[in-house]
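# Summary of structural features
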Amino acid sequence: MGTIKTIPIERIKSISKQEFIERYYKPQKPVLIEDLTKDWPAYEKWNLDYIQSLSGDQIVPLYNNEPTKGRQNSVVPAKKMKLYDYIDILKTQPTDLRMFFFNVLQKMPELTKDFSYPDIGLNFFKKLPVMFFGGKGSKVLAHYDMDLADLVHVHFHGNKHVTLFAPEQAKHLYKVPFTVHNLETIDMDNPDFEKYPALQSAEGISVKMKHGDALYMPSGYWHYITYDDGGFSITLRAFPRKPLRLAKLFKNIIFMRTFENMMRRIVGQGWVDYKEEKMVQRMNKNYHKKHPSA
């Protein structure tokens, strides 16, 4: 067992549009901006009680950390329940149940009055502000976003920890073929370097987020998340504009996900086991070639 190497993220209080473009957007460098949301009404208003008061009778899909099996699609909810009842759980007890991609415009449009899109040089797609919820102790599998958007991820209510990996670090992370995530059996907090030695070469960026913090995650950055407390976040997305990145976006959405779900339906668990086993064998062999004394 071991610990993945990380360095702390750069933290700043505020920044101008030109500074952000030159220092972070152009070089595609993550940064945590502490005061970006201080003038949002959400900074004072948003907590679990407030979201619960607006939830009504909405039924929401919830996900846990159990891998999808057999002929299931790659993303299947573990259960559904009223949002009101789910928030009660978040407020009172640890849980691995999470909710992701909660579309604010569709599900709670009144929340759009509480935030604004920061003028920092990103061309935000304003039709897709989405929220993410997690319980104390819940974890989000290491992954990158399929749409390759630049993200501004703002956390509310409590604290959470994010570990970022640059796109070029994917070669160390045991990425599962035809997906955007790594092997679900890996414990990123306490990885088994004997079983997964390539993780010893990975270098991440450690981010501790508190209420109101805004994290800039450049396109294609991997992120692994652990909730220290029950809480939620909102992500504002700016889709890629460069032709090569756009081409990869469409490949991910149109081909990769479709092919993966088709193979799961046709072959079942055998497809999942086969591709994961071959990937691990290949990565371990390559690691030991480069590190013969390891």
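The sections below set out a description of the structure shown in this document. (Residues numbered from 1 in each chain as written. Predicted model: local features only at pLDDT ≥ 70, side-chain atom pairs only at ≥ 80, totals over all residues. Heavy atoms only, no water.)

Counting residues in hydrophobic clusters, the biggest one holds 41 residues, and the most contacted among them are F20, W46, Y86, M131 and I234. In terms of residue count, helix 4 (residues 83-92) provides more of this core than any other element does, five residues in total. Each residue touching F20, except ones within four places of it in the same chain, is listed here: I15, Y25, V31, I33, I120, L122 and Y216. Residues V176, L183, M188 and A202 belong to the second largest nonpolar core, which totals 27 residues. (Core = buried A, V, L, I, M, F, W, Y, C linked by side-chain atoms within 4.5 Å. Buried < 20%, exposed > 50% of the residue type's maximum accessible area, 1.4 Å probe, protein only. Helix = DSSP H or I, 4+ residues; strand = E, 2+ residues; numbered from the N terminus. Contact = heavy atoms within 4.5 Å.)

What follows deals with the pattern of salt bridges. Under the counting rule described, the total for this entry stands at 18 salt bridges. Note that E34 is salt-bridged to R11, the shortest N-O span being 3.1 Å. With E34 in the loop between strand 3 (31-33) and helix 2 (41-45) and R11 in strand 2 (residues 11-12), this residue pair connects regions lying 23 residues apart in the sequence. R11 serves as the salt-bridge partner of D213, at 3.4 Å between the closest nitrogen and oxygen. Of the two residues, D213 is situated in the loop between strand 11 (203-209) and strand 12 (214-217) and R11 in strand 2; the sequence distance between them amounts to 202 residues. Counted as one network, the salt bridges with shared partners bring together R11, K13, E34, K210 and D213. (Salt bridge = Lys/Arg side-chain N within 4 Å of Asp/Glu carboxyl O.)

Position of Q58 among the secondary structure elements: in the loop between helix 3 (48-53) and strand 4 (59-62). Classification of Q58 as buried rests on a relative accessible area of 18%. With residues near it in sequence (within four places) discarded, Q58 still touches M81, K82, L83, F102, K107 and M108.

Before going further, it helps to examine the sheet that holds strand 11. Read across the open sheet, the five strands follow the order 1-11-10-13-8; overall the sheet is mixed. In this open sheet, the two edge strands, each paired with only one partner strand, are strand 1 (5-8) and strand 8 (139-143). Strand after strand, the sheet turns through a mean of 25° between neighbouring axes, direction not considered. (Pairing = 2+ DSSP bridges. Axes fitted to C-alpha atoms, helices over the stretch in contact; angles between N-to-C directions.)

Okay, the sheet that holds strand 2 next. Strand order in the open sheet formed by seven strands is 2-3-12-9-14-7-6, with mixed pairing between adjacent strands. For this open sheet the edge positions go to strand 2 and strand 6 (98-103), each flanked by a neighbour on one side alone. With five bridges connecting them, strand 7 (residues 130-134) and strand 14 (residues 231-238) associate as antiparallel partners. Residue pairing for strand 14: F133 is matched across the bridge by F232.

Among the secondary structure elements, A149 is positioned in the loop between strand 8 and strand 9 (150-156). As for A149 and S219, which are separated by 70 residues in sequence, their C-alpha atoms are 5.1 Å apart.

What follows covers the packing of helix 6 (residues 243-267) against helix 7 (residues 269-290). Following both chains from N to C, one finds helix 6 and helix 7 inclined at 120°, their axes separated by 6 Å at the closest point. Regarding the angle of helix 6 to helix 7, the classification is oblique. Within the contact between the two elements, helix 6 uses F259, E260, M263, R264 and V267 and helix 7 uses Q269, G270, W271, V272 and K275. Here the contact of helix 6 with helix 7 is composed, by residue class, of five nonpolar, two polar and three charged. (Parallel < 35°, antiparallel > 145°, perpendicular 65-115°, else oblique. Nonpolar A, V, L, I, M, F, W, Y, C, P; charged D, E, K, R; others polar.)

Turning to helix 7, a few remarks are in order. Given a rise of 1.5 Å per residue, 22 residues ought to cover 32 Å, and the 32 Å separating the end C-alpha atoms of helix 7 matches this to within 8%. Among the residues of helix 7, those classed as buried are W271, V272, K275, E276, M279, V280, M283, N284 and Y287. Those residues of helix 7 that are buried are in contact with helix 6. (Expected span 1.5 Å × (residues − 1).)

Our next topic: the environment of K29. Summarising the element assignment, K29 is placed in the loop between helix 1 (17-25) and strand 3. In this structure the C-alpha to C-alpha distance between K29 and I9, which are 20 residues apart in sequence, comes to 9.7 Å. For K29, the residues in contact, after removing those within four places along its chain, are E10, R23, Y24, Y216 and P218.

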